[in-house]
Amino acid sequence: MRRFAILFCLVFTMACSTFAQIQFDAARKVWLITTPHSSYAMGVGPSGELQHLYWGGPLWRIEDVPAAQQRQDISSFDPHQMIENEEYPGWGGPRYYETALKITRADGDRDLVLHYADQHVEGDELEITLKDIHDDIQVTLHYRVYPETGIISRSSTIRNGTQQKITVNSAQSATWYMPRVGGYRLSYLSGRWAAESLLNLEPIQEGMKVLESRTGHTGHNLNPWFAIDPGNAAEEHGRVWFGALAWSGNWRITVEQTPYQQVRVTGGFNTFDFAYVLKPGESLETPAFYGGYSDHGFGEASRLLDRLELADIEPHGLKARPRPVLYNSWEATEFNVSEAGQKTLADKASKLGVEMFVVDDGWFGKRNNDHAGLGDWVVNPQKFPNGLNGLIQYVNGLGMDFGLWVEPEMVNPDSDLYRAHPDWVMNFPGRPRSELRNQLVLNFARDDVKDYIFQVLDKLATDYNIRYFKWDMNRTFAEPGWPEVAPDEQPELWVKYVRNLYDIMARLRAKHPKLEIESCSGGGGRVDLGILRYVDEFWTSDNTEAFDRLRIQEGFSQAYAPKLMSAWVTDVPNMNGRSTPLEFRFLVAMQGALGIGANLNKWTEEDAQLATKMIALYKRIRETVQFGNLYRLLSPRTNDTTANEYVSQDGKEAVLFAFRHSQEYSTLPPVIYFEGLNAHAVYRLESIDGKILNKESEVSGAYLMQSGLQLALKGDFDSTAVLLHRIQ
Ligand code: GLA
């Protein structure tokens with residue numbers, strides 16, 4: 001009966017989109033996790049180690065999956081342990097690949113061999129307990145499967161059941177294995193400040209590639225996401241395995257090809273400067289590492305992750321309201337904020353249709369530039385003689401919510417907080433304290449610091465009608481000393497800092513249920529699925545220049561949903577000296593959560609009219625953009641035109657955005673083939689500006705997907721949008 005149900009669901013995927021099954025064959029000790037998208041299997045080998053058996057498209061028959069085997073040693077240099085795909089290997093015995101767990105006992109013994117001990121299935125969750133062959137050191141592997149996407153979240157809890165303390169030297173969340181095929185290619189996101197999340201593709205060859213952060217936060221340089229394909233996947237076809245690590249501190253993902261054709265991906269806490277002491281009875285939990293499989297290319301891989309993020313990770317899930325159109329004055333005024341100046345901008349913003357007005361840096365303490373004031377979260381009375389309430393009531397009176405910038409993790413040495421508590425910053429006594437942007441990092445690992453900061457933010461959220469915090473974090477860690485704890489426990493700062501950061505956000509949200517948070521770290525320095533449990537959106541990049549944004553947003557969209565991607569329209573020239581038309585800037589930003597960051601005092605009447613029109617248009621399509629399915633049709637990396645299409649969840653609406661970068665030799669832009677439409681349906685096309693060469697305004701899905709649309713984009717930085725409404 002159960003088997004029939006699985007088969008039925010695999011054949012009629014739509015009928016069972018929330019179906020998941022965790023089967024356990026107790027006689028052969030094999031597990032098979034199945035959803036309509038994918039299956040994942042493990043088994044216990046003859047000597048007791050847990051082996052990975054399968055990850056890929058959906059299977060329905062557990063008997064098909066061969067039980068775990070013990071392999072033969074190839075030579076005295078190639079032991080069988082290296083050839084088997086151990087699911088969560090400890091460092092012990094002859095294991096030289098990247099292991100998932102490495103420990104040191106108090107007596108110096110460092111050998112750890114993990115064997116199967118127990119299992120427990122409940123609903124969509126499976127727990128497998130492994131135990132060292134000699135000591136009571138246990139690891140519980142947690143698997144949670146998300147039926148709608150087939151994505152599995154994996155993490156581990158390491159427990160010291162011995163009578164002596166142990167030091168954990170490496171604690172990984174999971175190891176994933178690709179089938180032994182070869183020719184694999186790795187996709188990952190890299191960059192730097194103002195150029196985050198740029199997509200790279202490269203062949204996987206023997207050896208190890210390390211993606212990581214050592215900076216204390218997620219980082220601008222690499223993002224904890226990967227995708228692997230057999231070298232032939234494209235946007236809408238081919239097999240793609242993908243994963244994302246939910247951690248906002250030092251993280252590490254290694255992609256390793258062994259001499260035995262294994263491609264292994266291991267991720268968790270960065271092993272760099274890592275040490276975590278477990279006294280008898282204590283345990284350590286690793287972050288969740290999400291993994292999924294798509295057999296419809298990178299596009300579906302992204303859509304599955306988007307779905308998971310919106311439905312299962314972000315705080316309000318699918319009940320979240322659409323992101324409002326916001327205005328932020330940072331690029332207009334920088335530190336020069338005042339009640340009168342902000343009110344003028346608020347008037348102008350509200351006339352355009354803005355829904356949330358955000359005051360950025362500069363409102364507090366002696367914050368007239370970036371040399372002073374961080375840490376002193378009290379309203380500057382010169383700039384705001386009536387406190388913040390004068391402005392907030394005004395903004396609310398205009399029908400807008402109010403948002404406020406904070407950077408709670410930092411102090412300027414020139415601040416009352418630092419003068420009162422110089423010991424609160426991370427430091428090695430007697431050593432220099434490296435300043436970056438004239439600031440130092442508070443040691444959030446300390447519970448007294450955590451409690452103080454919670455109380456400061458709680459007071460702001462209680463005293464004022466604040467709907468939203470833009471939570472910034474503008475430097476990397478240095479000298480991560482924690483002199484108040486025992487020397488061997490000091491490196492725990494890396495982990496405890498992040499846990500306390502999450503804790504503050506969780507407590508704030510629990511106490512102020514309407515409060516929303518944006519995760520910002522000098523742009524996109526803290527974009528990951530760990531922080532997403534506590535925030536509503538990410539600040540994508542400080543680079544708001546529209547053409548650069550096309551690539552930044554393309555990379556971002558591989559791993560993160562459009563709804564989570566804050567995107568502003570700002571003034572030109574910006575950042576790199578380039579000037580693009582206002583419409584181009586709007587359409588780029590309208591592909592995520594739209595915001596305006598321009599100096600509205602400099603806008604002409606014509607600019608304001610165009611902005612009003614574009615904001616009204618955005619409000620019509622934002623349900624589709626923010627909650628729909630994204631199809632990347634033309635990439636800015638490989639074409640002179642970028643095109644992205646969003647299809648609403650119910651399939652009734654779609655919107656196409658297209659951008660011509662630079663026309664050469666009077667050519668037309670490439671024909672745009674739609675994706676994800678119903679071939680048998682008819683759609684009414686609504687062009688925002690008549691830049692479609694096809695004359696018919698009612699066309700079938702089949703025609704749009706097979707013959708495509710020819711747009712008339714010309715010159716430099718031309719752009720358009722086309723709305724599709726299903727009429728039959
Ligand atoms: C960071 C943010 C910006 C702005 C400034 C303020 O750079 O990314 O958006 O808030 O800080 O100092």
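Residues numbered from 1 in each chain as written. Predicted model: local features only at pLDDT ≥ 70, side-chain atom pairs only at ≥ 80, totals over all residues. Heavy atoms only, no water.

Right, let's talk about the nonpolar core for a bit. By size, the foremost hydrophobic cluster in this structure holds 186 residues, and its most contacted members are Trp363 and Phe586. Residue contributions to this core peak at 10 residues, all from helix 9 (residues 493-511). With residues near it in sequence (within four places) discarded, phenylalanine 586 still touches Val569, Leu594, Ile596, Trp603, Ala611, Met614 and Ile615. Grouped together as the second largest cluster of nonpolar side chains are 23 residues, Leu685, Ile692, Leu713 and Leu724 included. (Core = buried A, V, L, I, M, F, W, Y, C linked by side-chain atoms within 4.5 Å. Buried < 20%, exposed > 50% of the residue type's maximum accessible area, 1.4 Å probe, protein only. Helix = DSSP H or I, 4+ residues; strand = E, 2+ residues; numbered from the N terminus. Contact = heavy atoms within 4.5 Å.)

In space, the six strands of this open sheet follow the order 31-32-33-36-34-35, with antiparallel pairing throughout. Only two strands of the sheet have a single neighbouring strand rather than two, namely strand 31 (629-634) and strand 35 (698-700). Strand-to-strand twist across the sheet, computed as the mean angle between neighbouring axes with direction ignored, equals 25°. (Pairing = 2+ DSSP bridges. Axes fitted to C-alpha atoms, helices over the stretch in contact; angles between N-to-C directions.)

With that out of the way, let us pick up the side chain of serine 170. If you trace the backbone, serine 170 turns up in strand 10 (residues 166-178). Judged by relative accessible area, which is 6%, serine 170 ranks as buried. Looking at serine 170, its side chain comes within polar contact range of the side chain of glutamine 172, at 3.3 Å. The residues touching serine 170, leaving out its near neighbours within four places in the chain, are Thr99, Ala100, Leu101, Lys102, Thr271 and Phe274. (Polar contact = N/O pair within 3.5 Å; in protein donor to acceptor, adjacent residues only side chain to side chain.)

So, on to the sheet that holds strand 21 (residues 326-328). To summarise the sheet geometry, strands pair through backbone hydrogen bonds and adopt either a parallel or an antiparallel arrangement. Sheet architecture is closed into a barrel: eight strands sit in the order 21-22-23-26-27-28-29-30, paired in parallel fashion. The sheet shows a mean angle of 30° between the axes of neighbouring strands, direction not considered. Strands in contact with helix 9 are strand 26 (468-471) and strand 27 (516-519); relative to strand 26, the strand with the most contacts, it is inclined by about 170°. Docked against the sheet, helix 11 (residues 582-589) engages strand 29 (565-569) and strand 30 (593-596), running at close to 170° with respect to strand 29.

With that out of the way, let us pick up empty space enclosed by the protein. Under the counting rule described, the total for this entry stands at seven cavities of 30 Å³ or more. Taken as a whole, the largest cavity encloses approximately 100 Å³ of empty space. Every residue lining the largest cavity is counted, 14 residues in all, and those nearest its centre are Glu196, Ser197, Asn223, Gly524 and Val527. For the lining of the largest cavity, the class distribution of residues is five nonpolar, eight polar and one charged. Residue contributions to the lining of the largest cavity reach at least three from each of two domains, namely domain 1 (6-313) and domain 2 (324-626). Of the volumes computed, that of the second largest cavity is approximately 60 Å³. Listing elements by their share of the lining of the second largest cavity, those giving two or more residues are helix 3 (297-313) and helix 12 (605-627). It is helix 3 that contributes the most residues to the lining of the second largest cavity, four residues altogether. Per-class residue counts for the lining of the second largest cavity are four nonpolar, four polar and three charged. (1 Å grid on protein atoms, 1.4 Å probe; cavity = no way out; pocket = protein on both sides within 12 Å on 5 of 7 lines; lining within 4 Å. Points joined across faces, edges and corners; volume = space filled by probe spheres on them. Nonpolar A, V, L, I, M, F, W, Y, C, P; charged D, E, K, R; others polar. Domains from an automatic or database assignment.)

Moving on, we get to the packing of helix 8 (residues 447-463) against helix 9. Two numbers describe how helix 8 lies on helix 9: the axes approach to 10 Å, and their chain directions differ by 30°. In terms of their interaxial angle, helix 8 and helix 9 are classed as roughly parallel. Crossing geometry of helix 8 relative to helix 9 is assigned as right-handed. Where helix 8 approaches helix 9, its residues Asp447, Lys450, Asp451, Ile453, Phe454, Leu457 and Asp458 are matched on the opposing element by Asn500, Asp503, Ile504, Arg507, Leu508 and Lys511. Partitioning the contact of helix 8 with helix 9 into residue classes produces five nonpolar, one polar and seven charged. (Parallel < 35°, antiparallel > 145°, perpendicular 65-115°, else oblique. Left-handed = near helix turned anticlockwise from the far one by under 90°.)

Before going further, it helps to examine the domain arrangement of the protein chain. Here the protein chain is described as being made up of domain 1 (6-313), domain 2 (324-626) and domain 3 (634-727). Each of domain 2 and domain 3 was reduced to a C-alpha centroid, and the two centroids are 34 Å apart. Every contact between the two is made by 22 residues of domain 2 and, on the other side, 26 residues of domain 3. Counting each side, the surface lost to burial between domain 2 and domain 3 is near 1900 Å², with a carbon and sulfur contribution of 70%. (Buried area = accessible area lost by both parts, 1.4 Å probe.)

Near the ligand lie 13 residues; those nearest to it are Asp360, Asp361, Arg437, Lys470 and Asp542. Between the ligand and aspartate 361, the relevant distance is 2.6 Å, taken from an oxygen atom to a side-chain nitrogen or oxygen of the residue. The separation between an oxygen atom of the ligand and a polar side-chain atom of asparagine 474 is 3.1 Å. When the ligand is considered free in solution it has 310 Å² of accessible area, and contact with the protein chains removes 95% of it. When its residues are assigned to classes, the shell around the ligand shows four nonpolar, three polar and six charged. (Near = heavy atom within 4 Å. Areas by Shrake-Rupley, 256 points an atom, 1.4 Å probe, with all protein chains shown as cover.)

Let us look at the pattern of salt bridges. One side chain can pair with another of opposite charge once the charged atoms of both are near each other. Enumeration according to the criterion identifies 50 salt bridges in this entry. For aspartate 503, the salt bridge identified is with lysine 450, shortest N-O distance 2.9 Å. Separated by 53 residues along the polypeptide, aspartate 503 in helix 9 and lysine 450 in helix 8 bring together distant segments of the chain. What makes aspartate 503 partly exposed here is its relative accessible area of 25%. Judged by relative accessible area, lysine 450 falls into the buried class, the value being 11%. (Salt bridge = Lys/Arg side-chain N within 4 Å of Asp/Glu carboxyl O.)

The description of two aromatic rings rests on the distance between their centres and on the angle between their planes. Throughout the structure, instances matching the rule amount to 34 aromatic pairs. Here the aromatic rings of tryptophan 241 and tyrosine 293 are separated by 5.1 Å at their centres, their planes lie at 55°, and the arrangement is tilted. Residue tryptophan 241 is located in strand 15 (residues 240-245), and its partner tyrosine 293 is located in strand 20 (residues 289-294); the two are separated by 52 residues in the primary sequence. Taken individually, tryptophan 241 and tyrosine 293 each receive the classification buried, so the pair is uniform in this respect. Both rings, one in phenylalanine 584 and one in phenylalanine 659, keep their centres 5.3 Å apart while their planes meet at 75°; by these two values the pair is edge-to-face. Linking phenylalanine 584 in helix 11 with phenylalanine 659 in strand 33 (residues 653-662), this pair joins segments that are 75 residues apart in sequence. Exposure remark for phenylalanine 584: the relative accessible area of 0% places this residue in the buried category. (Phe/Tyr/Trp six-rings, centres within 6.5 Å; stacked < 30°, edge-to-face > 60°.)

Our focus in this paragraph is the pairing of strand 36 (residues 716-726). For strand 36, the buried fraction is high: nine of the 11 residues fall into the buried class. Summarising the sheet, strand 34 (residues 682-687) and strand 36 pair through five bridges and their orientation is antiparallel. Each residue of the ladder has a partner; that of arginine 684, found in strand 36, is histidine 725.

What follows deals with the environment of valine 395. Within the fold, valine 395 resides in helix 6 (residues 387-397). Classification of valine 395 by relative accessible area gives buried; the value is 0%. When the C-alpha atoms of valine 395 and leucine 245 are compared, they prove to be 39 Å apart, with 150 residues separating the residues in sequence. Those residues within four positions of valine 395 in sequence are excluded, and the remaining contacts are Ala346, Phe357, Met400, Asp401 and Phe402.

This paragraph deals with the side chain of histidine 80. Locating histidine 80 in the fold gives a position in helix 2 (residues 80-83). For histidine 80, the side chain forms a polar contact with the side chain of glutamine 70, separated by 3.5 Å. Apart from the residues within four sequence positions on either side, histidine 80 is in contact with Gln70, Arg71, Gln72 and Asp73.

Our next topic: helix 12. Taking 1.5 Å of rise per residue, the 23 residues of helix 12 would be expected to cover 33 Å, and the 33 Å separating its terminal C-alpha atoms lies within 8% of that figure. Where helix 12 is concerned, the buried positions are Ala608, Ala611, Met614, Ile615, Leu617, Tyr618, Ile621, Arg622, Thr624, Val625, Gln626 and Phe627. (Expected span 1.5 Å × (residues − 1).)

Within the secondary structure, tyrosine 464 is located in the loop between helix 8 and strand 26. Filtering out sequence-adjacent residues up to four positions away, tyrosine 464 remains in contact with Val379, Leu388, Asn389 and Ile392.

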